[in-house]
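Spelled out, the chains give:
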Amino acid sequence: MATLYEPSGRDSEYTPRNGKKVTLAELQALAGGYIEMVRIPGDAGRRAFFVDEDGRLKKLKPNVRASHLAGQLLAGNAVLCPPKEVD
């Protein structure tokens, strides 16, 4: 299971199409471009954000909630899920 954090402050649960793992294509569609994995400090690799790697260059809106969790500025949509649930 993944959670989509939007810059508007809205977050929603996302269930992968295959019911098990989120695919690269799904992550790219949700993030809006090529993705970058951003680990969460102190989380021991249990979860990570997947974001548009060019979000800041594209001047996407800051994602305040996701940035707070990640400990760094994230822009645009951010998908939070365990890396082991990504196919």
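You'll find the structure just up there.
Residues numbered from 1 in each chain as written. Predicted model: local features only at pLDDT ≥ 70, side-chain atom pairs only at ≥ 80, totals over all residues. Heavy atoms only, no water.

**Student:** Teacher, can you tell me more about the side chain of Asp52 here?
**Tutor:** With respect to the element layout, Asp52 can be found in strand β4 (residues 48-52). Among the residues examined, Asp52 registers a relative accessible area of 5% and is labelled buried. There is a polar contact of 2.8 Å between the side chain of Asp52 and the backbone nitrogen of Asp54. In this structure, Asp52 is in contact with Ala31, Gly32, Gly33, Tyr34, Lys58, Leu60 and Asn77, ignoring residues within four places of it in sequence. (Helix = DSSP H or I, 4+ residues; strand = E, 2+ residues; numbered from the N terminus. Buried < 20%, exposed > 50% of the residue type's maximum accessible area, 1.4 Å probe, protein only. Polar contact = N/O pair within 3.5 Å; in protein donor to acceptor, adjacent residues only side chain to side chain. Contact = heavy atoms within 4.5 Å.)

**Student:** Got a minute to help me understand helix α1 (residues 24-31) in this structure?
**Tutor:** Helical geometry note: an α-helix holds 3.6 residues per turn, so side chains three or four residues apart project in the same direction. For α1, the set of buried residues is Glu26, Leu27, Leu30 and Ala31. One side of α1 holds all its buried residues, which, seen down the axis, span an arc of 120°. Here the buried face of α1 lies against β1 (2-5), β2 (11-14), β3 (35-39), β4 and β5 (78-81). Count one or two residues on from α1 and you reach Gly32, which has phi positive near 95°. (Arc of directions from axis to C-beta.)

**Student:** For this particular structure, what's the right way to read unusual backbone geometry?
**Tutor:** For Lys59, which is not glycine, the phi torsion reads 60° and is therefore positive. Take Lys59: it is sitting in the loop between β4 and α2 (64-70). Assessed through its relative accessible area of 71%, Lys59 is described here as exposed.

**Student:** Just checking my understanding: could you explain the pattern of salt bridges for this structure?
**Tutor:** Two side chains that carry opposite charge are able to pair once their charged atoms sit near each other. Here the structure, examined in full by the defined rule, presents five salt bridges. With its nearest N and O atoms 2.7 Å apart, the salt bridge here joins Lys58 to Asp52. Given the relative accessible area of 44%, Lys58 is considered partly exposed. Through salt bridges with shared partners, a single network forms among Asp43, Arg46 and Arg47. (Salt bridge = Lys/Arg side-chain N within 4 Å of Asp/Glu carboxyl O.)

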